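# Notes for the structure review
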Amino acid sequence: PTAMMLAANRHIKHTSVSHSAGWRRNVAVPGRGFAAAAAAQQKQNQKQKKKKEVSPYKDTILLPTTSFQLRGNSPVREPQIHKQWEERRIYERLAIERKDAPTFTLHDGPPYANGSLHMGHALNKVLKDFINRYHLLQGKRARYVPGWDTHGLPIELKVLQDMKPEERAKLTSIKLREKARKFALKTVDAQRDQFKRFGIWADWDAPYLTLDKAYEAGQMEVFMQMVLNGHIYRGFKPVHWSPSSKTALAEAELEYPEGHTSRSVYVAFPAVELNESLPSEVRDVANELAFVVWTTTPWTMPGNAGVAVNGDLTYAVLDCGESFSGCSSRYLVVAQDLVDELVPKLGIDAEVVRVVAAVPGSSFAGSTYAHPMYTSERGASAASAAPKGSRPVISPVVVGGDYITTESGTGLVHTAPGHGQEDYLVGMREGLPMISPVDDEGKFTADCEDGELVGLSVLKEGN
């Protein structure tokens with residue numbers, strides 16, 4: 001009790017008690033911390049007792065003695081390991097010692113030299129390193145040849161981002177290439193050090209760079225051989241284009257702004273001639289018939305060269321009634337499965353509309369129509385209808401592909417071979433003209449043959 005009182009002395013309150021005799025004395029009164037202090041002392045005593053007890057099994061367990069660290073301590077150990085690899089030239093020695101072994105060589109698909117590495121680079125290089133080390137373990141002479149793509153828009157954009165607008169205005173193509181070259185070489189050195197830090201084994205002292213003169217000469221030799229073999233020809237095809245950079249873009253370089261809403265439009269193309277295989281009830285109303293398409297790119301309408309249908313879908317010829325004012329045609333052709341959905345959208349009176357006929361899409365192939373932007377003719381034959389300028393005003397209905405569905409739209413597709421890959425392939429097959437009246441700045445040219453559109457941006461007011 002005395003020891004416990006002493007231990008708990010800091011938890012005791014002191015107070016003065018007065019007596020009638022007129023003198024005062026201090027009295028110790030236990031506070032609330034007294035019990036807790038006592039319990040803590042008891043627990044400490046038990047710990048000391050346990051420490052003195054020695055397990056009878058201690059000397060019977062044989063554990064290995066090693067200097068191997070329990071923790072990885074990667075920030076410190078990894079650079080030490082990499083330095084050891086480099087000093088001992090492990091990768092190079094394996095290649096020399098196995099000069100007669102089967103060879104496995106992996107040429108790197110080059111990254112762009114346009115900035116610091118990210119997780120995509122790490123995944124790419126580590127997986128390739130797995131492959132190389134696997135072949136090394138198989139006893140092969142494995143070589144990994146790294147490389148960098150040092151040409152192209154990504155590098156040029158990085159250079160331009162660090163320049164002021166007035167500097168850009170004075171920049172010539174030659175100066176831009178010089179700056180891009182310096183930036184690329186500097187980035188190659190930085191990325192090489194970062195790849196080494198990943199622990200990747202490769203011929204880091206002998207990479208290939210696409211800006212090397214020898215590499216460029218090799219490309220020209222291969223290209224010349226392709227020309228001599230007849231593999232190179234000049235033609236047209238649609239490409240992704242950047243009006244701001246005035247250059248073609250790869251699909252991986254496309255960016256779509258968040259929250260963007262595409263302007264869409266329904267267009268009725270009035271029929272000129274119908275395929276003879278169509279039922280008479282359809283051919284009898286040819287002068288009042290139109291093919292209806294829906295597009296989210298109205299700006300491509302000047303490039304229209306055909307209307308595509310799916311040969312395996314069924315199409316309905318609708319009689320919209322005499323009071324229909326949605327367009328100048330009373331009879332409209334749409335996919336049968338979309339009739340209920342399109343009637344209210346096109347402003348057709350549901351009480352009046354009726355299906356004149358339901359026919360397969362292939363039956364419309366060979367029919368023709370007039371472009372509503374360039375002619376008001378109806379009933380003229382394709383042979384007698386004169387084109388306006390370089391563009392035909394009469395175009396055919398063609399069979400497209402399985403990209404034409406009833407998930408949206410009308411089941412008929414506005415086809416502009418100069419503006420889309422699928423349209424281009426259909427146009428090549430059907431011999432349609434490649435019309436693309438848009439310049440490098442993304443503005444309509446005089447080839448669109450519409451004075452109101454010339455000079456307007458296709459992505460803004462021209463749409």
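Attention in this report is confined to the structure presented alongside it. (Residues numbered from 1 in each chain as written. Predicted model: local features only at pLDDT ≥ 70, side-chain atom pairs only at ≥ 80, totals over all residues. Heavy atoms only, no water.)

## Quick notes on the overall build of the protein chain
Secondary structure assignment for the protein chain yields twelve helices and 17 strands. Within the span of the protein chain, comprising 463 residues, buried residues form 34% of the whole. Across the protein chain, the fraction of contacts at a sequence separation of at least 24, relative to all contacts at a separation of at least 6, is 70%. When the accessible surface of the protein chain is totalled, it reaches about 29800 Å², and 53% of it is carbon and sulfur. (Helix = DSSP H or I, 4+ residues; strand = E, 2+ residues; numbered from the N terminus. Buried < 20%, exposed > 50% of the residue type's maximum accessible area, 1.4 Å probe, protein only. Contact = heavy atoms within 4.5 Å. Areas by Shrake-Rupley, 256 points an atom, 1.4 Å probe, with all protein chains shown as cover.)

## Quick word on a nonpolar patch on the surface
The grouping of Met 220, Val 222, Phe 223, Met 226, Val 227 and Ile 232 at the surface amounts to a nonpolar patch, some 520 Å² of accessible area in total. The residue Ile 232 is located in the loop between helix H9 (213–228) and strand S7 (240–242) in this model. Judged by its relative accessible area of 36%, Ile 232 is partly exposed. (Patch = residues over 30% accessible without salt bridge, like charges linked within 9 Å, V, L, I, M, F, W, Y side chains within 5 Å. Salt bridge = Lys/Arg side-chain N within 4 Å of Asp/Glu carboxyl O.)

## Description of empty space enclosed by the protein
Under the definition given, this model contains two cavities of 30 Å³ or more. Taken as a whole, the largest cavity spans an internal volume of roughly 40 Å³. Lining of the largest cavity is provided by Tyr 91, Asp 129, Asn 132, Arg 133, Leu 136, Ala 142, Arg 143, Tyr 144 and Trp 201. Listing elements by their share of the lining of the largest cavity, those giving two or more residues are helix H5 (119–137) and strand S4 (141–145). A per-class count over the lining of the largest cavity returns five nonpolar, one polar and three charged. Contributing to the lining of the second largest cavity are Tyr 91, Leu 94, Ala 95, Leu 136, Arg 141, Ala 142 and Arg 143. Considering only residue class, the lining of the second largest cavity consists of five nonpolar, no polar and two charged. (1 Å grid on protein atoms, 1.4 Å probe; cavity = no way out; pocket = protein on both sides within 12 Å on 5 of 7 lines; lining within 4 Å. Points joined across faces, edges and corners; volume = space filled by probe spheres on them. Nonpolar A, V, L, I, M, F, W, Y, C, P; charged D, E, K, R; others polar.)

## Comments concerning the side chain of Ser 242
Structurally, Ser 242 is set in strand S7. Residue classification places Ser 242 among the buried positions, given a relative accessible area of 9%. Side-chain polar atoms of Ser 242 contact the backbone nitrogen of Ser 245, separated by 3.1 Å. Ignoring sequence-local partners within four residues, the contact set of Ser 242 consists of Thr 247, Leu 249 and Asp 440. (Polar contact = N/O pair within 3.5 Å; in protein donor to acceptor, adjacent residues only side chain to side chain.)

## Description of helix H8 (residues 173–197)
For H8, spanning 25 residues, the distance from its first C-alpha to its last is 36 Å, which sits close to the expected 36 Å at 1.5 Å a residue. Looking at H8, one finds that the buried residues are Leu 176, Ala 180, Ala 184, Thr 187, Val 188, Gln 191, Arg 192 and Phe 195. Structurally, H8 contributes buried residues whose contacts are with H5, strand S5 (147–148), helix H6 (153–161) and strand S6 (208–209). Within two residues after H8, Gly 199 carries a phi angle of roughly 85°, on the positive side. (Expected span 1.5 Å × (residues − 1).)

## Some points on the packing of aromatic side chains
One pass over the structure, following the stated rule, counts eleven aromatic pairs. When the centroid spacing of 6.1 Å and the interplanar angle of 70° are considered together, the rings of Phe 195 and Phe 198 count as edge-to-face. The exposure class of Phe 195 is buried, given its relative accessible area of 0%. Taken together through their ring pairs, the aromatic side chains of Trp 148, Phe 195, Phe 198 and Trp 204 make up a single cluster. The ring of Trp 201 carries the charged tip of Arg 133 above its face, separated from the ring centre by 4.1 Å. (Phe/Tyr/Trp six-rings, centres within 6.5 Å; stacked < 30°, edge-to-face > 60°. Lys NZ or Arg CZ within 6 Å of the ring centre and 35° of its normal.)

## Description of the nonpolar core
In this structure, Phe 291, Tyr 315 and Phe 364 are the most contacted members of the largest nonpolar core, which totals 46 residues. Elements represented by at least two residues in this core include exactly strand S9 (265–273), strand S10 (289–295), strand S11 (306–309), strand S12 (314–319), strand S13 (331–335), helix H11 (339–345), strand S14 (354–360) and strand S16 (394–399). Counting residues in hydrophobic clusters, the runner-up holds 23 residues, among them Tyr 91, Ala 180, Trp 201 and Leu 211. (Core = buried A, V, L, I, M, F, W, Y, C linked by side-chain atoms within 4.5 Å.)

## Describing the layout of surface pockets
Looking at the second largest pocket, its volume works out to about 400 Å³. Contributing to the lining of the second largest pocket are 17 residues, with Glu 86, Glu 92, Lys 196, Ala 202 and Trp 204 lying nearest its centre. Contributing elements (two or more residues each) for the lining of the second largest pocket: helix H3 (74–88), helix H4 (90–97) and H8. Of the residues assigned to the lining of the second largest pocket, the class counts are eight nonpolar, two polar and seven charged.

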